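An overview of the molecular structure
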Amino acid sequence: MAGHPLVAGWLAERGWTAFPFQQEVWQAIAEGRSGMLHATTGSGKTYAVWLGMLDALLRRHPHGRGAEPLRVVWLTPMRALASDTAKALAEPLRALAPNWTLGLRTGDTPSAERARQDRRMPTVLVTTPESLTLMLTREHSREELCGVECVVVDEWHELIGSKRGVQAQLALARLRRLHPGLVAWGLSATLGNLEDAMRVLCGPDPEPPPRLVRGKIDKTLIIDTLIPPDPGKYSWAGHLGVRMQLPVVEEIERSGTTLVFTNVRSQAEIWYQLLLEARPQWAGHIALHHGSLDRATREWVEQGLKEGTLRAVVATSSLDLGVDFLPVERVLQVGSAKGVARMMQRAGRSGHAPGRPSRVTLVPTNTMEIIEAAAARWAAHAGRVERRQPPDKPLDVLVQHIVTVALGGGFTADELHAEVVTAWSYRTLTRAEFDWALAFCERGGDSLGAYPEYHRIVAGEDGVYRVKDSGIARRHRLGIGTIVSDAAIQVKYLSGARLGTMEEGFIARLKAGDHFFFAGRLLEFIRVRDMAAYVRKATRHKGTVPTWMGSKMSLSTELSDAVLEMMQTAARGNFVEPELEAARPMLLTQQRLSKIPTPTTLLVEGFQSREGQHLYIYPFAGRNVHLGLASLLAWRLARDKPNTFSISINDYGFELVSAEPFAVEPVTSGAVFTATDLLPDVLASLNSTELAQRRFREIARVAGLVSSGYPGQPKSARQLQASSALFYEVFRKYDAGNLLLSQAENEVLSQELEISRLGETLRRMREKKMDFAALKHPSPMSVPLMVERFREKLSTEQLSQRLDRILREMEGDEKA
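Anyway, here's the lowdown on the structure attached to this text. (Residues numbered from 1 in each chain as written. Predicted model: local features only at pLDDT ≥ 70, side-chain atom pairs only at ≥ 80, totals over all residues. Heavy atoms only, no water.)

1. Some words on the overall build of the protein
Regarding its fold elements, the protein presents 32 helices and 27 strands. For the protein, the C-alpha radius of gyration of 28 Å lies close to 28 Å, the compact-globule estimate for 816 residues. Referenced to the eigenvectors of the C-alpha coordinate spread, the extents of the protein come out at roughly 90 × 65 × 60 Å. Going through the 816 residues of the protein one by one, you find that 57% of them count as buried. When the accessible area of the protein is evaluated, it comes to approximately 33600 Å², of which 50% is carbon and sulfur surface. (Helix = DSSP H or I, 4+ residues; strand = E, 2+ residues; numbered from the N terminus. Rg over C-alpha atoms; globule rule 2.2 N^0.38 Å. Buried < 20%, exposed > 50% of the residue type's maximum accessible area, 1.4 Å probe, protein only. Areas by Shrake-Rupley, 256 points an atom, 1.4 Å probe, with all protein chains shown as cover.)

2. Looking at the state of the cysteines
Think of a disulfide as a covalent bridge from one cysteine sulfur atom to another cysteine sulfur atom. Counted according to the given criterion, the structure contains 0 disulfides. The cysteine C146 is free of any disulfide, with C150 supplying the nearest cysteine sulfur at 14 Å. Overall, the relative accessible area of 35% leaves C146 in the partly exposed class. (Disulfide = S-S within 2.5 Å.)

3. As for the packing of helix α9 (residues 163-178) against helix α16 (residues 395-407)
Interaxial distance between α9 and α16 falls to 10 Å at its minimum, and their mutual angle equals 35°. Judged by the sense of rotation from one axis to the other, the crossing of α9 with α16 is right-handed. Within the contact between the two elements, α9 uses K163, V166, Q167, L170 and R174 and α16 uses D396, V397, Q400, H401 and V405. Of the residues in the contact of α9 with α16, the class split is 4 nonpolar, 3 polar and 3 charged. (Axes fitted to C-alpha atoms, helices over the stretch in contact; angles between N-to-C directions. Left-handed = near helix turned anticlockwise from the far one by under 90°. Contact = heavy atoms within 4.5 Å. Nonpolar A, V, L, I, M, F, W, Y, C, P; charged D, E, K, R; others polar.)

4. Details of empty space enclosed by the protein
Overall, the coordinates contain 3 cavities of 30 Å³ or more when judged by the stated rule. Put simply, the parts of the chain that give the lining of the largest cavity at least two residues each are β13 (358-363) and α15 (367-381). If you tally residues by element for the lining of the largest cavity, the top one is α15, at 4 residues. Looking at side-chain class alone, the lining of the largest cavity contains 8 nonpolar, 2 polar and 3 charged residues. (1 Å grid on protein atoms, 1.4 Å probe; cavity = no way out; pocket = protein on both sides within 12 Å on 5 of 7 lines; lining within 4 Å. Points joined across faces, edges and corners; volume = space filled by probe spheres on them.)

5. Some points on the sheet that holds strand β5 (residues 150-153)
Spatial ordering of the open sheet is given by β3-β4-β2-β5-β6-β1-β7, a layout of 7 strands whose pairing is parallel. Sheet topology places β3 (102-105) and β7 (211-215) at the edges, where each strand pairs with a single neighbour. Neighbour to neighbour, the strand axes of the sheet diverge by 15° on average, direction disregarded. Bridge count between strand β2 (residues 72-75) and strand β4 (residues 124-127): 4 bridges; the pairing is parallel. Along β4, the bridge assignment pairs V73 with L125. Helix α5 (residues 111-119) contacts β3 and β4 of the sheet and is inclined by roughly 125° relative to β3. The sheet contacts of helix α10 (residues 194-202) involve β1 (35-39), β5, β6 (183-188) and β7, and relative to β1 the element is tilted by about 140°. (Pairing = 2+ DSSP bridges.)

6. Concerning the nonpolar core
In this structure, I402, I457, F696 and L705 are the most contacted members of the largest nonpolar core, which totals 77 residues. By residue number, the principal contributor to this core is α16, which donates 9 residues. Here F696 is in contact with L705, S724, F727, Y728, F731, L740, L741 and A744, once residues within four sequence places are set aside. Formed by 55 residues, the second largest nonpolar core is a distinct cluster that contains V301, L362, L580 and L775. (Core = buried A, V, L, I, M, F, W, Y, C linked by side-chain atoms within 4.5 Å.)

7. Observations concerning the side chain of E655
Relative to the helices and strands, E655 is located in strand β24 (residues 654-658). At a separation of 3.0 Å, a polar atom in the side chain of E655 contacts the side chain of H614. Polar side-chain contacts of E655 include one of 2.8 Å to the side chain of Y616. Residues contacting E655, with those up to four places away along its chain left out, are H614, L615, Y616, S646, I647, S648, L785, M786 and R789. (Polar contact = N/O pair within 3.5 Å; in protein donor to acceptor, adjacent residues only side chain to side chain.)

8. What about the pattern of salt bridges?
Between side chains of opposite charge, pairing is possible as soon as their charged atoms come close. Scanning all chains against the criterion turns up 48 salt bridges. Of the charged contacts in the structure, one is a salt bridge between D414 and R431, with a shortest N-O distance of 3.0 Å. Here R431 lies in helix α18 (residues 431-443) and D414 lies in helix α17 (residues 413-420), a separation of 17 residues in the sequence. With a relative accessible area of 53%, D414 lands in the exposed category. A relative accessible area of 31% means that R431 is categorised as partly exposed. Here R789 and E655 are joined by a salt bridge, their closest N and O atoms 2.8 Å apart. Note that R789 is positioned in helix α31 (residues 783-791) and E655 in strand β24, a separation of 134 residues in sequence. Residues R789 and E655 agree in their burial class; the two are buried. Linked by salt bridges that have partners in common, K163, D396, R695, E698 and E747 make up one network. (Salt bridge = Lys/Arg side-chain N within 4 Å of Asp/Glu carboxyl O.)

9. Points about unusual backbone geometry
Residues apart from glycine generally show negative phi values, whereas peptide bonds are mostly found in trans. Here the residue pair E207 and P208 is connected by a cis peptide bond, since its omega of -5° sits within 30 degrees of zero. When you line up the elements, P208 lands in the loop between α10 and β7. At K338, a position not held by glycine, the phi torsion is positive, near 70°. The phi torsion at A519 lies on the positive side, around 55°, for a residue other than glycine. Its place among the elements puts A519 in the loop between β18 (515-518) and β19 (521-529).

10. Remarks on the sheet that holds strand β27 (residues 769-774)
Pairing is mixed across the open sheet formed by 5 strands, whose spatial order is β23-β24-β22-β21-β27. Sheet topology places β23 (646-649) and β27 at the edges, where each strand pairs with a single neighbour. Going across the sheet, the axis of each strand differs from the next one's by a mean of 15°, ignoring polarity. Inspection of the sheet shows strand β21 (residues 601-609) paired to β27 by 6 bridges, in the parallel sense.

11. Concerning the pairing of strand β22 (residues 612-618)
Of all 7 residues making up β22, 7 are buried, and the element is well covered by its neighbours. As defined by bridge partners, β21 adjoins β22 across 7 bridges and the pair is classed as antiparallel. Across the sheet, S609 pairs through a bridge with G612, a residue of β22. Hairpin connection of β21 to β22: 2 residues between the antiparallel strands.

12. Some words on helix α2 (residues 20-30)
Considered for burial, the residues of α2 that qualify are F21, Q22, V25, W26, A28 and I29. End-on, the buried residues of α2 take up no more than an arc of 165°, which puts them together on one face. Where the residues of α2 are buried, they touch α1 (5-13), β1, α3 (45-60), β6 and β7. The positive-phi residue at the C-terminal boundary of α2 is G32, with phi of around 80°. (Arc of directions from axis to C-beta.)

Functional significance is not addressed by these values, which are geometric in nature.
Right under this line is the structure:
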């Protein structure tokens, strides 16, 4: 490479030839440009950016002068990824700048190592958004961070759409203020809106203009499907799951090290048990990995993957990101990945090196997921990857940041406002909104002025805001971050050995003697004491599987559209894809009893049963949007003639059921799909106050109103809920203009109900040709919605009996 001869020599010694995209990155960095690098997993993104930065730094700071102060901050969204990244950066650093140092700073960093860093920061620091924000609270943070010249944000696609990404934006804005020539680069492998992502990372109007580099290398991506034998005419969520046990086991036996991904932790626990049940001799050779397991267990699993000593690991998103597991040959995805980007990200865990193919095999658990598999492959090869949009000026994160900067040496109002609006998410922040957040930190708003603990910042005679109270400072540092989850309880053996953490809500439902699966073991619950659940190994063979919050993921627009494309192909009689051929019995039955939905048609089905009148609508917009749509349509249908509806939803459509008859003409004419009065109608159709209050609980914790407690003295979920509910009611009654209340309402609409996607879905529904089918029997697409509703009131055994009876009646009528 052109530039520093040491870097060029290091490459030449290894016989490495740079890819064109790496050379393009090196040139951009040499010109002082920030930018965005998008390249497939395992293609060499890390060295593309790192060698370019090392080259630029060595030219500015010849390494012969001894150790350098902190120059590079490498941000990663995961602690496990931080460790791997540090190892990758260390090799060229040792060879080219042996006097420069490299350090890790995450929540796992030992206190002794933190103390060493506090005395002298390393030249290169690998850290997380939370740990970087904690560094901003240090009294001498300006002096410690003003020498930072380069920042890399790894896996930017993972951060950009969340408040953690906003936290990173604000930290970058701070670093740019301290060092105006800061060069920042984002790395991503799966993102649909790259230009937007680069703008968010680099901020408004950067100079010189940033560079977007697309790393195009010949890397094979294999996406195939483990097709179940005889999936049948009717199927529902989880219908084929257990039947796929032996096919999955056989695939693992035929492969090298395999990652088996599930979408949720409870499914990971189930599939780990299914593998052991089929192959008991695999005990010790397969493992389980998810975020609730003890850190030592997770690290043991990760080391086993790196060394190739494990046959298979069942995992959740805890292993999604770019941790380098070279021995992994194969990825199996159980159930729908729900998005094209997620599927491609997981595929990249295999063949994690240039020139090696990445392979993901999709394991459907129902017939619609067989069709989804073909759709996902088509969308991936067509480049239809999901877009990620950043949150719009979340004020809870701003409030937290204001206190952070006040702790880190203080600020004047004008300076901080000018700095904050250079973060993309706050580019439209008005001075009035900023002043409100400032006053909220200073006095607690209109309703908390009498309470000194909410007077978090104080303006001195010099106009500089600082934190004066040491107790407030300590609570703030302990509460930094935007990751909010239910209170967790340690799970321990009676001996004290730790297994991991469980959500308090699940533990609270257990009685002494209850059995449950966790960490791949069947455990017996003994008691709760001092925020720890004590267990012992169970002697029975049955137990429940714990459930965690946030288990339901919604199908993305890109994948939904691709599924409709596949169904249109089938409707035309083309079953050339092996997945469509496997789903042919279901699709032909759907076509005979009703119609097959397509991109240009909206399928609506009507059915009469002993329960009453059923209406099935299939917008293919994902379960979050369907919840809002179903509630909206039920409310609009009952507006003129009062009625009560039961609602059932899945990713493809929704069901409305009423014991009383109702007119379907407003639906078939499209009248109820109007966007007029959409917002007030949606709010009226749902318990919007309850939804906003639940969302406010998270906002209150991020904004520092509610503390999670001190180390060793955590607060329970009930205490946190009660505290946030009290604030919510106080603000509603005595501080109606509190902008955190407005934020809670906006987040319910934008995140839980996806109001913009809901409005877009209504527009699409109005533009499509209406296909109405009056059913004599439930169609293959309506049965899964019926099952969702039955599950809420029937036991597993009762549900099985009910479905058997329905299917027998339909088959009998067909033969007759």
